[in-house]
Structures are given as C-alpha cells and as structure tokens.
There are 2 protein chains.
Amino acid sequence: MVDLSEIGKRARSSARILSITPTEQRNNVLRDIGQLLLEKQTNILAANEKDVENARQQGLSDAMIDRLLITPSRLEGIVADIQRVIDLPDPLKEILDEQVLPNGLQVRKLRVPIGVLGVIYESRPNVTIDVSCLALKSGNAVILRGGSETIESNRALVEIIQMALQKQGLPSQVVQLIESPERRYVLDLLKMPSYVDLIIPRGGAKLHQFCRENSQIPVIVGGIGICHLFVDESADVEKSVEVIFNAKVQRPTVCNALDTLLVHRGIARTILPKVFEQLSNAGVTFRLDQSVLKLLNLQPSRVYQVAGEGDFDTEWLSLVLGVKIVDNIDEAIEHIEQHSTAHSDGILSTSPENIEMFIQRVDSAAVYVNASTRFTDGGQLGLGAEVAVSTQKIHARGPMGLKELTSYKWVIVGDGHVRR
Amino acid sequence: MVDLSEIGKRARSSARILSITPTEQRNNVLRDIGQLLLEKQTNILAANEKDVENARQQGLSDAMIDRLLITPSRLEGIVADIQRVIDLPDPLKEILDEQVLPNGLQVRKLRVPIGVLGVIYESRPNVTIDVSCLALKSGNAVILRGGSETIESNRALVEIIQMALQKQGLPSQVVQLIESPERRYVLDLLKMPSYVDLIIPRGGAKLHQFCRENSQIPVIVGGIGICHLFVDESADVEKSVEVIFNAKVQRPTVCNALDTLLVHRGIARTILPKVFEQLSNAGVTFRLDQSVLKLLNLQPSRVYQVAGEGDFDTEWLSLVLGVKIVDNIDEAIEHIEQHSTAHSDGILSTSPENIEMFIQRVDSAAVYVNASTRFTDGGQLGLGAEVAVSTQKIHARGPMGLKELTSYKWVIVGDGHVRR
C-alpha cells in the first residue's frame, strides 16, 4: 500500500528546503552518491541480479535484459556522468533579467527550481541516478516511478541517494520512489497538481500519450522522433552520403536516428545508388516509395521493399529506412509537415536560398543543415546533460538540461511604491 | 453545428503561413484592425446592443452588463491599446543563443511562434481584440471561445479582424471564433492536441480547474491571486499603510489586489489602527483572526468581522481584507506557503536580512518588497501588454507578454558533420 499523497506532501516540503540549499551542498550530495555507488557496488549488483533473474523467468528478450543490466563498468560510467553534472555551473545562480523601471521600481527575474518533478520511466536503471542527479543539481525534488522489471535495482539505488541526502543534512524525501508496480499509481501521480509541478515521461509513444490524456499536471511530451533528411538537388553527394549513413546507422535504436530520406528527383539517380550500397552493407533495409522503384527501375526484394501504408509515419528504431523522391523543396517540406514528429529534420544542400527556406519553414525542435540528426542530444549541443528531448513548444523545446528544469520568479523592490 | 476539427485544421495551416510573415505585414494587419474598428463602429455598437439587450432579459446584474458593454470611448481605448502593441518590438526577430561548438557545428536558437492558441474567456469583448492582436503580433493563430453573453459583439469583432487579415493577403482563419454557445465545444477544444498547442483560459477559478482537469493540451494556469502582504516589525509605518491601502483599494476586483494582511506582533498596535482607519474610510471591511481581536481588544461589528473558516483561502475580489497577527517572519512565510496561490506576495520591512529571507523563501510568481502587489501586470512590469498572468512554473511565470507567446527552435548548421 503506497500513500501517494503522503509522498507528494513530503516531496513538496523537502523541495522547499532543497530550493534554498547552497550550490556546494547540492554538489556534495552528488559527490556522495558517486562514492556510495562504488562502495555499495556489491549490494547494487545483487539487487540487479534479482531483477535479471525475474526478467529471465518472465521470458524477457535478451535485448530487454541487457537494457536493465548493471555491470561494474556501467556503474563506473554512471559515476563519471555524475562528475560531469557536478562540474556544470549552478543554474540557480543566474539572474535572468534586471532593470530599474522609470518609476524607480527595481525588477529582477531570478531563476528558481520548478519544485517537484514526477518522472515515469521504463527499464534502464541508470535513469534513476541520471534524473535524480539532474533534479538535485537544479534544486528540484523528484518522485520516481520506474518500471516493475527494475524495482529491486531502483530500490537499492534510491537508498543510496537518500543516504547521500541525509549525510549532507537534507531530507531524504527529496528523492522518493513509488515502490509498488501497480499501474494505478501512475494514474494517481498524474492527478496530484498540488504536489507535483511537472511530469517527465521517459519511454515509448504509448506512455507519452497516456500521460498527456490523463495528467492534470503539465507534461513534457517528446522523445519520439520520426526524423527526415531532404537531399536537395544542389547537395554535395559525398558529404551527404556520409551524413545519411551516420544518421541511420551510428545508433539506430534512438529517437534522433533517421527514419525517412527524401531525395530531389534531379539528384536521385546520382546519390541513391551510393546510399543503397553503403547502407545495405551495414545491414539497412529500405521501404521505397513507388517513385523510387520507378525512377531507378528497382525490383522489390528483401532489401528493397515496397513502402506500405503507415511506413512514412513509423519511427523505425532499427536498421530500416524509408525513401521517397520529391519534385522540389516544397514537396519535401510538405511531406515533413505531414509526417514529422517535429523532433529532428534536416536539409542537405549547397543552395543558400533553399537552406534558408528550409530553416524558416520546417517547424521542428531541431532543424539541421548538412549535419546528422544524431546531434539532437543535450551533451552534443552543449547542455552538458539531458533529462529529456521535448518536441512540444511549451516551456522547453529540444534537449532539456539543467536550465530547462527551472522556472523564475519576479522580485520587485520598491520604496513604498504604489500604483496610480 | 460547429466542425471543430475543421477549425483546428484551418488554424494549423494558417499558423504556418503567419509564422513566416514579415514584421511589417503583421503590424499592418493590426493597423487595419484599429482603423476598421473605428470605421465600422456603428455595426459593432449595434451588435453589442443586442448582447446587452439579451443580458437584460436574462436578468444579468448591472456589474455584469457593464463588463460586456462597448462604448465609443472604450472602443477608442481598444484602438489605443492596439497602437501600443504595434509599437512593441517583433519578438520573432530575436536569436536567443548562437554559438560555434568545438567541432565546428553552428548552433542557434531562433524564437518562433507557439503555433495555435486556444483562448477560452468570459464576458469582456475587448479580450477578443486584445488577445487576437497579441497572437498576431507574435505570429500565432488563435481559436477564440468567448462567453455566450457576448456572442454578437464577438462575431462583429472577429469579422473585422478577418477583414484586416484578408486585406493584407493573409488567411482569415488565422483568427477564428467558435460561434456556438454550447459548452461541449470547450471540452472538444481541449482534446485537440494535434491542432492546438496551448490553452489560455481567462476567467474564474472554475474555468481554470475545468481546463486543467480535461485538457490534453498544455494549459496556462493563473489569474487567481490570494495575495499577501507581511508587515515586518521593522516596517516604515507611514509608507506601509500607503502600500496596503493601494494594494487593497485601488482596484479591488482584480487578481493582484491584496487579500490578506499579516502583521508582526511587535508592530501591530502601532500600524493596525491606522490601517483600519484609512481602509474603512474607503469602505473596506475586515475579517480578523482571533489574534487581532485579542491584541487590539476589538469587538466584532459589521466592519470588524471574525474571520471564518476558509476566509484565509478566499480571493476576495472586493473591499474585504483578512488580517492576522504573526509572531515572526517564519510564521508569516509559513502562512503564505499554506494559503497563497503563488501569484503576488510581499514584505514591508527595513531589515535587509528579513527582506532577503522573504525573497528566497516565498515562492510566488511575483515577490514584492515595500511595494504594492498591484504592479503584477505586463504593462506595469515593462512587457508592454499581457495576455495572462501565469501562476504555474512551466513555460512562463507571472505576466505573459509577446515573448511568452513564443517558443524556439534549434538550428544546427554543419558541413557534412557526423556524430562519432
């Protein structure tokens, strides 16, 4: 039996305390978490072993089991990530705006934590540490709701986080885990707007949809990328093939990997044979629009399949690539408008006019010019870390790092000022 | 019969067009709206007269009827407001961030419109023009859902806005009105996340709650202010009385007016008699905590009523003021934490330590020091205009002007860059 509103109350009151904690104290907690993770390694690995055992008994796939596995080297990786977060500047030190109005009122906008985050995630237990550390660094309390398949690992990890908090004189309830695997607690969490300020779902499209449809709390929608590259007639062929290869092949299972390639008719005969050769050598299979089959006179095969209905609305997350010929940039942009999830879309071109038009008209979180879509990532784009990739236009868009976990307050200082 | 998804589709496609419209063209639309409002004054006043007539027949109060009334001088005021919006800088011209990463990638964050706004409001028909002009200036399409009591006026006003859009070669569907008074369309609007990006409710607490509980689209929660002033022991008595008077009396019907006065025990006997005298002369009645009655040895009367349960959780919106004695600043801050809606709360003090503590610990959209809470307003705080006052911590907090109606996109320019 989990008393969720009790968890909420404790989160709210400990968030207040954390929000006025000095930078050094917050960093010390992170440092202690890193140390304890190494010291208590045996406990963590034992807890994780139970999860792995359960997963095997329940017949989970090897890929799934690999996702939830903690190894000594993965643990070292997690500790290294914590050090990177410690090294980032404190987002709470920033004054966003400061001015004196003509009437003498001093107006400042101070960056403050959001308050209490509710994070709902699946599988990978490193998220437990990642998210908690980003929340702590940015002064936010967090209520975690991990997957049932990692419950033992998450318990062990949260215990360590809470030990570190207590060691630094902070309430352990800054980070809390909903320990029950019952799904109804997810729904209950979404209905506590007085205790939780923001819901961050990390998982598949279904989880995002469930949160959006049921939450009374603002939700960060994102993490689903149907990503496009458009090869303009003027594209540099060699560089473009390399970018396409990277966007599709370097890590096909993630949201910023390429899903659909749109090719201008005028360059298709030149570039597509090279794309097909290089990518199929790496194991890629293709879903080809009729336009491609016709122009290149291709016969459908295991590698060259005919695109079916819905194929251009699919996030592949695997070595599959949709390909379509377009007659001009307008058709490419219209295809993207219709099929993109507004995550990461790009143009490969040497025409300044077309590049500018693409940048202006394509309304995605990340718009690329002659670069791989794989760069949509907090680490890659200079944020140091990321808690999620937002594809909505409210609050934050694209990779969300520490600053994106903050809000601001207006501080208005007068000397007996009244409004006339 | 209203086809809401058709309205949604049209809004989405015209938002795309508006988002790439030059500044001048958007300003020209606003200018034309202003001109047409004056030219077509007779039509507008006639339509408004019908609404007033209906309101009378339905027995609406004089105050309600006054809220929906349009007069020639009010129309002039609206036109003057439009000119102020025209004069504001274009928020879409701003580059939020620009850097070249060590690998040579150029990364920019460009400000872009949010897309399609859904605005749900009551009574005052000037909101129709206000909101449409702010949306247009910031490049957003808008779907309006006004109150049934102003349907005729809103039709006439939206017709003018659409004429101005067409005159400038823009789709008239940039601004659309849901003309049916049926409530189910509000619910339907909240369930169209693919067509609407943000819901802005402008009305009472019930409307906000309804939106939050039913929306699948992000909602700006706000506009409800249970506002506090805390008179610290060190306060300057004369200035403080003036600030309290202004915060309560200058315009008691709005969200940033004072609701509760917290007074340090050490200064209560000095300041409260002056507060009571000046405010009761202006028609204010008081809801006094037992602590006040005891300390000042007051007898309950029509002016000095005993505070009942819930009185300190009430947004008065009238000439009523709750008063309570506190023993120290901690008790004041705790009272605010418990009862405030995090809109506007302030301290009256000359102690730098207490001022700093109050600023740090009180987590409201606007935190005041020695100034009236009445300044929480886009115009007063230098935003030029406002579409709403947000009391949530996501996206925007406090007064929302043009910039707060925008998002951003990442533009990443490479030269064949791939991720390693």
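Residues numbered from 1 in each chain as written. Chains lettered and ligands numbered in written order. Predicted model: local features only at pLDDT ≥ 70, side-chain atom pairs only at ≥ 80, totals over all residues. Heavy atoms only, no water.

Student: Explain the overall build of chain A here, please?
Tutor: Scanning chain A from terminus to terminus reveals 14 helices and 16 strands. In summary, chain A has a C-alpha radius of gyration of 24 Å against a globular reference of 22 Å for 420 residues, a match within 12%. Dimensions of chain A along its principal axes, counting C-alpha atoms only, are 70 × 70 × 35 Å. Across the 420 residues of chain A, 59% fall into the buried class. When the accessible area of chain A is evaluated, it comes to approximately 16,500 Å², of which 47% is carbon and sulfur surface. (Helix = DSSP H or I, 4+ residues; strand = E, 2+ residues; numbered from the N terminus. Rg over C-alpha atoms; globule rule 2.2 N^0.38 Å. Buried < 20%, exposed > 50% of the residue type's maximum accessible area, 1.4 Å probe, protein only. Areas by Shrake-Rupley, 256 points an atom, 1.4 Å probe, with all protein chains shown as cover.)

Student: Would you explain the pattern of salt bridges in this entry?
Tutor: A pair can form between side chains of opposite charge whenever their charged atoms are brought close. Residues and elements named next belong to chain A. According to the stated counting rule, one finds 34 salt bridges over all chains in the structure shown. Here D90 ties to R26 by a salt bridge, and the two come within 2.9 Å at their closest N and O atoms. Note that D90 is positioned in the loop between α5 (72-87) and β1 (95-100) and R26 in helix α2 (residues 23-39), a separation of 64 residues in sequence. Note on D90: relative accessible area 11%, which makes it buried. What makes R26 buried here is its relative accessible area of 3%. A salt bridge links R74 to D66, with the nearest nitrogen and oxygen atoms 3.0 Å apart. Residue class for D66 comes out partly exposed when judged on its relative accessible area of 39%. In this structure, a network of salt bridges that share partners links the residues E94, R111 and K403. (Salt bridge = Lys/Arg side-chain N within 4 Å of Asp/Glu carboxyl O.)

Student: How should I be thinking about the interface of chain B and chain A in this particular structure?
Tutor: Listed as interface residues are 72 residues of chain B and, on the opposing side, 72 residues of chain A. Buried area between chain B and chain A, both sides added, is near 6,200 Å², and the carbon and sulfur share of it is 54%. When the buried surface of chain B facing chain A is broken down by residue, I394, W410 and R419 of chain B rank first, second and third, together holding 14% of it. With a shortest N-O distance of 3.5 Å, R16 of chain B and E337 of chain A are connected by a salt bridge. Taken together, the links from chain B to chain A amount to 46 residue pairs in polar contact (both at pLDDT 80 or more). Elements with a contribution of two residues or more to the side of chain B that touches chain A: β2 (106-113), α9 (205-214), α10 (237-249), α14 (352-361), β13 (366-371), β15 (398-400) and β16 (406-417) of chain B. Among the elements that make up the side of chain B that touches chain A, the one with the highest residue count is β16 of chain B (11 residues). Along the lines of polarity and charge, the residues of the side of chain B that touches chain A split into 32 nonpolar, 20 polar and 20 charged. Bridging between strand β16 (residues 406-417) of chain A and β13 of chain B involves 5 bridges; their strand directions are parallel. When the bridges of β13 of chain B are listed, W410 of chain A appears paired with A366 of chain B. (Contact = heavy atoms within 4.5 Å. Buried area = accessible area lost by both parts, 1.4 Å probe. Polar contact = N/O pair within 3.5 Å; in protein donor to acceptor, adjacent residues only side chain to side chain. Nonpolar A, V, L, I, M, F, W, Y, C, P; charged D, E, K, R; others polar. Pairing = 2+ DSSP bridges.)

Student: Looking at this model, I keep getting lost on the domain arrangement of chain A. Mind explaining?
Tutor: A common way to report how large an interface is uses the accessible area buried once the components associate. Domain annotation for chain A reports domain 1 (4-221 + 395-413) and domain 2 (227-377). Put simply, the middle of domain 1 of chain A and the middle of domain 2 of chain A, counted by C-alpha atoms, are 35 Å apart. (Domains from an automatic or database assignment.)

Student: Whenever I open this one, the sheet that holds strand β5 (residues 175-177) of chain B confuses me. Can you help?
Tutor: Sheets are built from strands that pair by backbone hydrogen bonding, the pairs being arranged parallel or antiparallel. Residue and element names in this part refer to chain B. The strand order across the open sheet formed by 4 strands is β5-β4-β3-β6, and the pairing between neighbours is parallel. A single partner strand is all that each edge strand has here, and the edge strands are β5 and β6 (198-202). Within this sheet the neighbouring strands show an average axis-to-axis angle of 20°, counted without direction. Sheet contacts for helix α1 (residues 4-19): β3 (116-121), β4 (141-145) and β5; angle to β4, the most-contacted strand, approximately 145°. (Axes fitted to C-alpha atoms, helices over the stretch in contact; angles between N-to-C directions.)

Student: What's the story with unusual backbone geometry in this structure? I'm lost.
Tutor: Residue and element names in this part refer to chain A. One non-glycine residue, A342, lies in the positive phi region at around 60°. If you trace the backbone, A342 turns up in the loop between α13 (329-339) and β12 (344-348). In this model, N370 sits at a positive phi of 50°, which is unusual for a non-glycine residue. By secondary structure assignment, the location of N370 is in strand β13 (residues 366-371).

Student: How should I be thinking about the pairing of β3 of chain B in this particular structure?
Tutor: Consecutive residues of a regular strand have side chains that alternate between opposite faces of the sheet. Counting buried positions along β3 of chain B yields 6 of 6 residues, so the element is predominantly enclosed. Alternating residues of β3 of chain B divide into V116, G118 and I120 of chain B and L117, V119 and Y121 of chain B, and every residue in both groups is buried.

Student: In this structure, what is going on with the packing of aromatic side chains? I would like to understand it.
Tutor: Aromatic ring pairs: the centre-centre distance and the angle between the two ring planes describe each pair. Applying the stated criterion across every chain, the model contains 6 aromatic pairs over all chains. With a centroid separation of 5.1 Å and 65° between ring planes, the pair formed by F276 of chain A and Y304 of chain A is classed as edge-to-face. In this pair, F276 of chain A is assigned in helix α11 (residues 265-281) and Y304 of chain A in strand β10 (residues 304-306), connecting sequence segments 28 residues apart. By relative accessible area, F276 of chain A is classed as buried at 3%. Here F286 of chain B and Y304 of chain B contribute two aromatic rings whose centre-to-centre distance is 5.8 Å and whose plane-to-plane angle is 15°, an arrangement assigned as stacked. (Phe/Tyr/Trp six-rings, centres within 6.5 Å; stacked < 30°, edge-to-face > 60°.)

Student: Explanation requested: the side chain of S390 of chain B in the structure shown.
Tutor: Position of S390 of chain B relative to the elements: it lies in strand β14 (residues 388-390). Only 3.2 Å separates the side chain of S390 of chain B from the backbone nitrogen of Q392 of chain B, close enough to count as a polar contact.

Student: It is not clear to me how the packing of helix α2 (residues 23-39) of chain B against helix α7 (residues 151-167) of chain B should be interpreted in this structure. Could you clarify?
Tutor: How two helices pack is summed up by the angle between their axes together with the distance between the axes. Residue and element names in this part refer to chain B. Running from amino to carboxyl end, α2 crosses α7 at an angle of 135°, the nearest separation of the two axes being 8 Å. In terms of axis orientation, α2 runs oblique to α7. Read as a crossing pair, α2 and α7 show a hand that is right-handed. Listed contacts from α7 to V29, D32, I33, L36 and L37 of α2 are L157, I160, I161, M163, A164, L165 and K167. Here the residues of the contact of α2 with α7 sort into 10 nonpolar, no polar and 2 charged. (Parallel < 35°, antiparallel > 145°, perpendicular 65-115°, else oblique. Left-handed = near helix turned anticlockwise from the far one by under 90°.)

Student: Where do I start with the environment of E6 of chain B in this structure?
Tutor: Position of E6 of chain B relative to the elements: it lies in helix α1. Taking the C-alpha atoms as reference points, E6 of chain B and Q299 of chain B, separated by 293 residues in sequence, lie 63 Å from one another.

Student: Before we go on, may I ask you to explain the sheet that holds strand β9 (residues 285-288) of chain B in this structure?
Tutor: Strand order in the open sheet formed by 10 strands is β1(A)-β2(A)-β16(A)-β13(B)-β12(B)-β7(B)-β8(B)-β11(B)-β9(B)-β10(B), and the pairing between neighbours is mixed. In this open sheet, the two edge strands, each paired with only one partner strand, are β1 of chain A together with β10 (304-306) of chain B. Strand-to-strand twist across the sheet, computed as the mean angle between neighbouring axes with direction ignored, equals 25°. Where strand β2 (residues 106-113) of chain A lies against β16 of chain A, 8 bridges are found, and the strand directions are antiparallel. By the bridge assignment for β16 of chain A, P113 of chain A is matched with T406 of chain A. The sheet contacts of α14 of chain B involve β2 and β16 of chain A together with β7 (227-231), β12 (344-348) and β13 of chain B, and relative to β13 of chain B the element is tilted by about 160°.

Student: Whenever I open this one, the UniProt feature "domain: Aldehyde dehydrogenase" (unreviewed entry) in chain A confuses me. Can you help?
Tutor: The residues that UniProt annotates with the feature "domain: Aldehyde dehydrogenase" (unreviewed entry) are residues 6-284 of chain A. Its end C-alpha atoms 50 Å apart, residues 6-284 of chain A is made of 53% helix and 16% strand. (UniProt positions renumbered as here; feature names shortened; annotations may be inferred.)

Student: Where do I start with the relation of the copies chain B and chain A in this structure?
Tutor: One copy of the chain maps onto the second through a rotation around an axis plus a translation along that axis. Turning chain B through 180° and shifting it by 0.0 Å along the axis lays it on chain A, with an RMSD of 0.0 Å. The relationship between the two copies is best expressed as a two-fold rotation axis. Residue H395 of chain B of chain B places its C-alpha closer to the rotation axis than any other residue of that unit, at 1.7 Å. The fraction of interface residues of chain B whose copies in chain A are also interface residues reaches 100%, indicating that both copies meet through the same surface. (Least-squares fit on C-alpha atoms with pLDDT ≥ 70 in both.)

Student: I'm lost on helix α3 (residues 41-57) of chain B in this one. Help?
Tutor: Owing to its 3.6 residues per turn, the α-helix aligns residues three or four sequence positions apart on the same side. All names here are of chain B. Taking 1.5 Å as the rise per residue, α3 with 17 residues should run 24 Å; its terminal C-alpha atoms sit 24 Å apart, in good agreement. Buried within α3 are the following residues: I44, A47, N48, D51, V52 and A55. Seen from one end, α3 has its buried residues packed into an arc of 145°, which puts them on one side. Within α3, the exposed residues directed more than 90 degrees away from the buried face are T42, K50, R56 and Q57. Those residues of α3 that are buried are in contact with α2, α4 (62-68), α5 (72-87) and α7. (Expected span 1.5 Å × (residues − 1). Arc of directions from axis to C-beta.)

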